[in-house]
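# Coordinate inspection notes
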Amino acid sequence: MFSTILSNVPPESLYLLLILLISAGIFTGIIAGLFGVGGGVVVVPTLYYIFTLAEVDENIRMHLAVGTSLANIIPISIVSALSHAKRKSVDIFLLKTISYSVIAGVILGAFIVSSLTGKTLIFIYSSLLLLVSLQFFFWNDAWRIAVEFPKNILKHLYGSAIGFFSVIIGIGGGSLSVPLLKLHSFEIHKAIGTASGIGAFIAIPGTIGFIISGVLNGVSVPLSLGYVNFMGLAMFTPMTMLAAPLGVRLAHYLSKEKLNKFKNLNWVIAPAEKLPIESNSFNFYTISFGLRNTKDLNKSLSEAYRVLKPGGRYLCLEFSKIENSGLDFIYKKYSKVIPSIGKLIVGDKEPYEYLVKSIENFVNQDELIDLMKKNGFQNCTYRNLSGGIVSIHSGWKI
């Protein structure tokens, strides 16, 4: 299996691949401790890419990535939870009472996943992550629905739902449980710590379920037991375990007050078309979901090129055009209800009408490449994410 991966990677890219794997492991551990998540959003796509290089059967590739991700979450969720517990940031009583329903949801989810095709699981994974990501657009930190977590059957409905959806996409549930706990008046550090503990109750039975399902389905992949691959674990788990305690320390160190005390951050408010910055100032220029909102794309790109040093790199993350007709149809139907969701949640649909319209009117991937070249950038490339819902464009000032 390892030799197959090596044969599919150009020799000059091996060191880059190794660096990326180590970086991904460290990043996964840090966000596990920092946000109380399991890091599946990083691990699953990375493992899927690794298993593609290993020429694993496409029908089981995603299952193997999800199962291995859950196995990776076991040690980092335990390490994170114990580290948070030392700081009195874990609700032990809630963990004890909700664990049964979380495990029940995990068992049901693992059973259902075993019957899904690889393409179906990829679609479900992408769709659920898209829904989870909506909190970054709509979330209001002041929202509360109760002064404490429910003690009736609703608590178990919450727990089983977290376990069910988390195991399907190979995450530790933090991206679901942290917002839910905050809605029930949990202080942020206690919400993160408790979510780490919930992650262990998801990962352990989830991993067992994926092993059993893989064995029953006759899966035979080198260095694997069922849908859990030990080579994938070896690539991630050591780094994630080492980095998780660092993430915990960051979670308890960082606050809005302390962030404001950092002296090496300079905030500048200015239009992207006219930056009050000297030419040849930066090695990197990054912009996320901002280019689409500028008044003049050419001027924005020209300014980005101007402030970059020779050899500097421009990176743009932005909504783009979906290439798959089926996914494009679903996404367009979903886009039509975004303003209504905004109206329901925040009481105003106009900003979300603008959001949908701006995405529809924005240039496609190749058109943006042409604009970048027109404004001086060279070696311009792009990479689609989530089927082209968003893309990352890259260009160099040479």
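Preceding this section is the structure that the text describes.
Everything in this summary refers to the structure shown in the same document. Keep in mind the model is a prediction, meaning the values are calculated, not measured.

### What to know about the overall build of the chain
In terms of regular secondary structure, the chain is built from 16 helices and six strands. A compact globule built from 398 residues should have a C-alpha radius of gyration of about 21 Å, and the chain, at 22 Å, falls within 12% of that. Dimensions along the principal axes, computed over C-alpha positions, put the chain at roughly 60 × 55 × 45 Å. Burial analysis of the chain (398 residues in total) assigns 47% to the buried set. Across the chain, the fraction of contacts at a sequence separation of at least 24, relative to all contacts at a separation of at least 6, is 75%. For the chain, the exposed surface amounts to about 20,500 Å²; the carbon and sulfur share of it is 64%. Across the chain, 34 positive and 23 negative side-chain charges occur, with their mean positions spaced 8 Å apart.

### Here we look at the nonpolar core
Counting residues in each nonpolar core, the largest one holds 58 residues, and the members touching the most others are Phe149, Ile168 and Phe210. With eight residues, helix H3 (residues 40–53) is the largest single contributor of residues to this core. The residues touching phenylalanine 210, leaving out its near neighbours within four places in the chain, are His63, Val66, Gly67, Leu70, Ala110, Val113, Val167, Gly226 and Tyr227. Tyr314, Met372, Phe377 and Cys380 belong to the second-largest nonpolar core, a separate cluster that totals 20 residues.

### Notes on a nonpolar patch on the surface
On the surface, Ile78, Leu82, Ile204, Ile208, Ile212 and Leu216 cluster together to form a nonpolar patch covering roughly 560 Å² of accessible area. Looking at the nonpolar patch, the elements that each hand over two or more residues are helix H4 (58–86) and helix H10 (188–216). Per-element accounting of the nonpolar patch gives the leading share, four residues, to H10. Topologically, isoleucine 78 is positioned in helix H4. What makes isoleucine 78 partly exposed here is its relative accessible area of 34%.

### What to know about the environment of valine 219
Structurally, valine 219 can be placed in the loop between H10 and strand S1 (224–225). For the pair valine 219 and isoleucine 60, spaced 159 residues apart in the sequence, the C-alpha separation amounts to 8.1 Å. With residues up to four places along the chain from it excluded, the contact list for valine 219 reads Ile60, Gly214, Gly226 and Tyr227.

### Quick word on the pairing of strand S5 (residues 378–385)
Pairing of S5 with strand S6 (residues 390–396), which is carried by six bridges, proceeds in the antiparallel orientation. Considered in S6, the bridge of tyrosine 382 is made with histidine 393. Where S5 hands over to S6, the hairpin turn is made up of four residues, of which serine 386 adopts a positive phi near 50 degrees.

### Description of the packing of H4 against helix H6 (residues 118–133)
Relative orientation of the contacting elements H4 and H6 amounts to 45 degrees, with a least axis distance of 7 Å. Here H4 is positioned oblique relative to H6, judged by the angle of their axes. Contacts between H4 and H6 involve Glu58, Asn59, Met62, His63 and Val66 from the former and Gly118, Lys119, Leu121, Ile122 and Tyr125 from the latter.

### Some words on the pattern of salt bridges
The full count for this structure, using the stated rule, is four salt bridges. Among the ionic pairs, lysine 332 bridges to aspartate 328, the shortest N-O distance being 3.3 Å. Of this pair, lysine 332 and aspartate 328 both sit in helix H14 (residues 325–346), four residues apart, which is roughly one turn of the helix. A salt bridge links lysine 349 to glutamate 353; the nearest nitrogen and oxygen atoms lie 3.8 Å apart. Take lysine 349: its relative accessible area is 41%, and that puts it in the partly exposed class.

Basis of the calculations
- Residues numbered from 1 in each chain as written.
- Predicted model: local features only at pLDDT ≥ 70, side-chain atom pairs only at ≥ 80, totals over all residues.
- Heavy atoms only, no water.
- Helix = DSSP H or I, 4+ residues; strand = E, 2+ residues; numbered from the N terminus.
- Rg over C-alpha atoms; globule rule 2.2 N^0.38 Å.
- Buried < 20%, exposed > 50% of the residue type's maximum accessible area, 1.4 Å probe, protein only.
- Contact = heavy atoms within 4.5 Å.
- Areas by Shrake-Rupley, 256 points an atom, 1.4 Å probe, with all protein chains shown as cover.
- Lys, Arg positive; Asp, Glu negative; His and termini not counted.
- Charge placed at Lys NZ, Arg CZ, Asp CG, Glu CD.
- Core = buried A, V, L, I, M, F, W, Y, C linked by side-chain atoms within 4.5 Å.
- Patch = residues over 30% accessible without salt bridge, like charges linked within 9 Å, V, L, I, M, F, W, Y side chains within 5 Å.
- Salt bridge = Lys/Arg side-chain N within 4 Å of Asp/Glu carboxyl O.
- Pairing = 2+ DSSP bridges.
- Axes fitted to C-alpha atoms, helices over the stretch in contact; angles between N-to-C directions.
- Parallel < 35°, antiparallel > 145°, perpendicular 65-115°, else oblique.

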